[in-house]
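Overview (structure and organization)
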Amino acid sequence: MAKEIIPSDKFKEITYNKENPLRDETIIRLNKMIEIVMNVAKGIYSEQVQLSDKNDEIDALGIGINMMIDDIKKNVERIKKEKINLDKQEKRRTIELKEERNKFHATAESISDGILVIDFKGNILIVNSAFERLFGIKKEQVTGRHVLDCLEDVKILDLITRKLTTGHEYYTEELIITDRVTNTEKILNGRISSVFNQAGKKLGAVIVLRNITKEKEAERIKNEFVSNVSHEIRTPLSSIKGFVDTLLMVKVSESERKKFLNIIKQESNRLNQLITDLLDLSRIESGRVELKFEPVDVFQKLEAVKSEILGKISRKKLSFEIKVPASLPLIKADKNALFQILINLVSNAIKFTEKEGKICVKAELCNKKECVKFSVRDTGYGIEKQYLTKIWEKFYRIETSSHKIPGTGLGLPIVKDLVEKHNGKIWVNSKPGKGSVFYFTIPVFTERKK
Ligand SMILES: Nc1ncnc2c1ncn2[C@@H]1O[C@H](COP(=O)(O)OP(=O)(O)O)[C@@H](O)[C@H]1O
Ligand SMILES: [Mg+2]
């Protein structure tokens with residue numbers, strides 16, 4: 001050890017006893033050595049002890065010091081290199097970690113499901129935008145805070161606390177929440193599962209919320225439709241069966257026989273309509289309807305519609321009027337499709353109008369003379385504002401107006417689809433209690449476009 005090689009008292013004597021400076025060559029050599037060793041202590045290794053040609057103990061000491069300096073230098077350089085490597089590795093790991101985190105964030109952001117990651121205590125680690133929107137929170141405000149302090153929705157909190165307090169790996173639950181922006185109800189499928197690290201230690205939990213409102217609505221509509229269709233089929237069928245049984249088993253007068261057969265005919269027509277609607281819709285939906293566009297005379301078509309619905313009109317004592325200017329040009333339409341559009345709209349007008357009401361079908365050239373604007377006006381129940389967009393949806397029927405009135409809710413979606421296939425537009429104006437006007441446009445037939 002240094003103290004043994006240069007005893008401390010002597011060391012003091014050499015360096016600090018300034019009143020008695022020793023000029024002896026030995027002392028000078030030793031002082032030089034001390035300077036070099038001190039420099040080494042400060043991290044300067046550039047200088048080595050110059051050996052004399054005396055080959056004495058001091059030179060031996062010098063050789064030892066030089067070897068030691070070499071050794072220290074090598075070690076220091078090795079350590080420096082290792083540190084540089086370690087630093088590089090650390091930097092790479094940090095970059096990788098950052099990239100991983102960015103990738104995770106980007107993935108979480110691109111997912112339309114709401115995602116929330118919490119640690120095992122319930123503190124929020126990650127929130128994606130979809131989650132922010134669902135609960136009206138901002139990630140900057142909630143990250144690092146406890147869920148109980150940030151989320152107000154009782155159901156989601158219940159799901160989280162149950163997960164945190166029980167050992168179960170995951171829970172799935174349906175949650176109904178109120179969207180703060182639109183103030184509408186949303187149905188969510190909430191799934192919460194544990195997050196583990198590579199060593200298998202539980203780190204927290206991830207909550208994934210999928211918005212299943214549309215699926216639920218579709219399911220509800222489908223179920224409602226199936227029960228509606230079954231009902232619609234069963235009612236005319238049992239009526240037909242009843243009258244056929246009577247005709248077969250009971251002797252009836254000629255006038256009664258005619259009456260019964262008429263009812264049977266009517267009910268068969270109803271059944272036929274339902275099946276036709278269903279088939280039409282499935283054909284339109286699967287894109288199997290091919291329309292044949294040709295010049296069509298509007299007045300003739302309206303007359304055909306009138307003769308089809310005459311029976312219904314007179315039974316309800318409705319007035320029915322057709323208004324078409326004689327100068328109206330031919331339109332470019334598919335004859336069957338146009339008939340279907342008109343029959344559907346006129347049938348609705350008849351169905352949703354009280355006895356002795358008025359129905360008027362009008363066709364006129366629209367301002368730019370590029371199309372003919374049709375209107376089907378009734379003095380019926382009318383449609384409340386909130387249903388004006390809904391009625392175009394498949395199977396949608398307004399409970400109040402369609403109550404006890406047969407139908408499938410397929411007419412208007414079919415009509416809309418057909419009008420749009422003609423490059424036309426369709427819309428409705430209505431006043432509850434006063435009546436409705438359904439409008440649609442069909443392009444005029446021009447030779448050039450033929
Ligand atoms: N002219 C109308 N007046 C009042 N309500 C109407 C009229 N036309 C349609 N509706 C409403 O729109 C709903 C959907 O119409 P639609 O698709 O033709 O089905 P459906 O005639 O089978 O009921 C109807 O059930 C009714 O509630
Ligand atoms: Mg209808």
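Since we're looking at a predicted model, the values are computed, not measured.

A closer look at the overall build of the protein
The helix and strand inventory of the protein stands at 14 helices and 12 strands. For the protein, the C-alpha radius of gyration of 46 Å lies well beyond 22 Å, the compact-globule estimate for 450 residues. When its C-alpha atoms are laid out on the principal axes, the protein stretches across 155 × 60 × 35 Å. With 450 residues in all, the protein has 35% of them scored as buried. For the protein, the share of sequence-separated contacts (at least 6 apart) that also reach a separation of at least 24 residues comes to 58%. Carbon and sulfur atoms provide 53% of the accessible area of the protein, an area that totals close to 29200 Å². Of the side-chain charges in the protein, 81 are positive and 65 negative, and the distance between the mean point of each set is 10 Å.

Comments concerning the packing of aromatic side chains
The tally for this structure, following the rule as stated, stands at six aromatic pairs. Relative to Tyr-396, the ring of Tyr-387 lies with its centre 6.4 Å away and its plane at 35°, an arrangement referred to as tilted. Each ring, one from Trp-392 and one from Phe-438, has its centre 5.9 Å from the other, and the planes form 70°; the classification is edge-to-face. Of this pair, Trp-392 sits in the loop between strand E10 (371-378) and helix H13 (399-402) while Phe-438 is found in strand E12 (residues 435-443), placing the two residues 46 residues apart along the sequence.

Considering the site of ligand 1
Near ligand 1, the surroundings consist of 22 residues, among which Lys-351, Arg-397, Thr-408, Gly-409 and Leu-412 are the closest. Within the backbone of Ile-398, an N or O atom sits 3.1 Å from an oxygen atom of ligand 1. When isolated, ligand 1 has an accessible area of 530 Å², and the protein chains bury 98% of it. The site holding ligand 1 turns out to be the largest pocket. Residue assignment for the shell around ligand 1 shows that the elements contributing at least two residues are helix H12 (335-351), H13, helix H14 (411-421) and E12. Per-class residue counts for the shell around ligand 1 are 10 nonpolar, nine polar and three charged.

Brief notes about the layout of surface pockets
Approximately 1600 Å³ is the volume attributed to the largest pocket. Residue lining of the largest pocket: 48 residues in total, with Gln-273, Lys-312, Ser-347, Lys-351 and Pro-406 positioned closest to the centre. Only helix H10 (254-285), helix H11 (298-315), H12, H13, H14 and E12 provide two or more residues apiece to the lining of the largest pocket. Top element by residues in the lining of the largest pocket is H10. It accounts for 12 residues. Residues that form the lining of the largest pocket fall into these classes: 16 nonpolar, 19 polar and 13 charged.

Comments concerning the sheet that holds strand E1 (residues 114-119)
Strand order across the open sheet formed by five strands is E2-E1-E5-E4-E3, with antiparallel pairing between neighbours. The strands lining the two open edges of the sheet, one partner per strand, are strand E2 (124-127) and strand E3 (170-178). Ignoring which end each strand starts from, the neighbouring axes of this sheet average 20° apart. Examined bridge by bridge, E1 and E2 share three bridges and lie antiparallel to one another. Bridged to Val-117 within E2 is Ile-126. Packed onto the sheet, helix H8 (residues 154-165) meets E1, E3, strand E4 (185-196) and strand E5 (202-211) and runs at close to 165° relative to E3.

Re a nonpolar patch on the surface
On the surface, a cluster of nonpolar side chains totalling about 430 Å² of accessible area is made up of Val-244, Leu-248, Met-249 and Val-250. Along the polypeptide, Val-250 turns up in the loop between helix H9 (213-249) and H10. Judged by relative accessible area, which is 45%, Val-250 ranks as partly exposed.

Let's talk about the pairing of E1
Moving residue by residue along a regular strand, the side chains alternate between the two faces of the sheet. For E1, the tally of buried residues reaches six of six residues, placing the bulk of the element in the interior. Of the two faces of E1, the one carrying Gly-114, Leu-116 and Ile-118 and the one carrying Ile-115, Val-117 and Asp-119 are both buried. Between E1 and E2, which pair antiparallel and follow one another directly, the connecting turn spans four residues, one of which, Gly-122, has a positive phi of 105°.

Focus on the confidence of the model for the protein
The predicted model of the protein has a mean per-residue pLDDT of 86, with 93% of residues at 70 or higher. Low pLDDT, under 50, characterises residues 1-13; the stretch is placed with nine contacts to residues that sit more than four places away or in other chains.

As for the nonpolar core
Ile-331, Leu-338, Phe-374 and Phe-440 are the most contacted members of the largest nonpolar core, which has 51 residues in total. Top contributing element to this core by residue count: H12, with nine residues. If we skip the residues at most four places from it in the chain, Phe-440 touches Leu-338, Ile-341, Leu-342, Leu-345, Val-372, Lys-373, Phe-374, Val-419, Lys-425, Ile-426 and Trp-427. One finds Ile-124, Phe-135, Leu-159 and Leu-209 within the second-largest nonpolar core, a separate group that totals 24 residues.

Analysis parameters
Residues numbered from 1 in each chain as written. Chains lettered and ligands numbered in written order. Predicted model: local features only at pLDDT ≥ 70, side-chain atom pairs only at ≥ 80, totals over all residues. Heavy atoms only, no water. Helix = DSSP H or I, 4+ residues; strand = E, 2+ residues; numbered from the N terminus. Rg over C-alpha atoms; globule rule 2.2 N^0.38 Å. Buried < 20%, exposed > 50% of the residue type's maximum accessible area, 1.4 Å probe, protein only. Contact = heavy atoms within 4.5 Å. Areas by Shrake-Rupley, 256 points an atom, 1.4 Å probe, with all protein chains shown as cover. Lys, Arg positive; Asp, Glu negative; His and termini not counted. Charge placed at Lys NZ, Arg CZ, Asp CG, Glu CD. Phe/Tyr/Trp six-rings, centres within 6.5 Å; stacked < 30°, edge-to-face > 60°. Near = heavy atom within 4 Å. Polar contact = N/O pair within 3.5 Å; in protein donor to acceptor, adjacent residues only side chain to side chain. 1 Å grid on protein atoms, 1.4 Å probe; cavity = no way out; pocket = protein on both sides within 12 Å on 5 of 7 lines; lining within 4 Å. Sits in = over half its atoms within 2 Å of the grid points. Nonpolar A, V, L, I, M, F, W, Y, C, P; charged D, E, K, R; others polar. Points joined across faces, edges and corners; volume = space filled by probe spheres on them. Pairing = 2+ DSSP bridges. Axes fitted to C-alpha atoms, helices over the stretch in contact; angles between N-to-C directions. Patch = residues over 30% accessible without salt bridge, like charges linked within 9 Å, V, L, I, M, F, W, Y side chains within 5 Å. Salt bridge = Lys/Arg side-chain N within 4 Å of Asp/Glu carboxyl O. pLDDT = per-residue confidence, 0-100. Core = buried A, V, L, I, M, F, W, Y, C linked by side-chain atoms within 4.5 Å.

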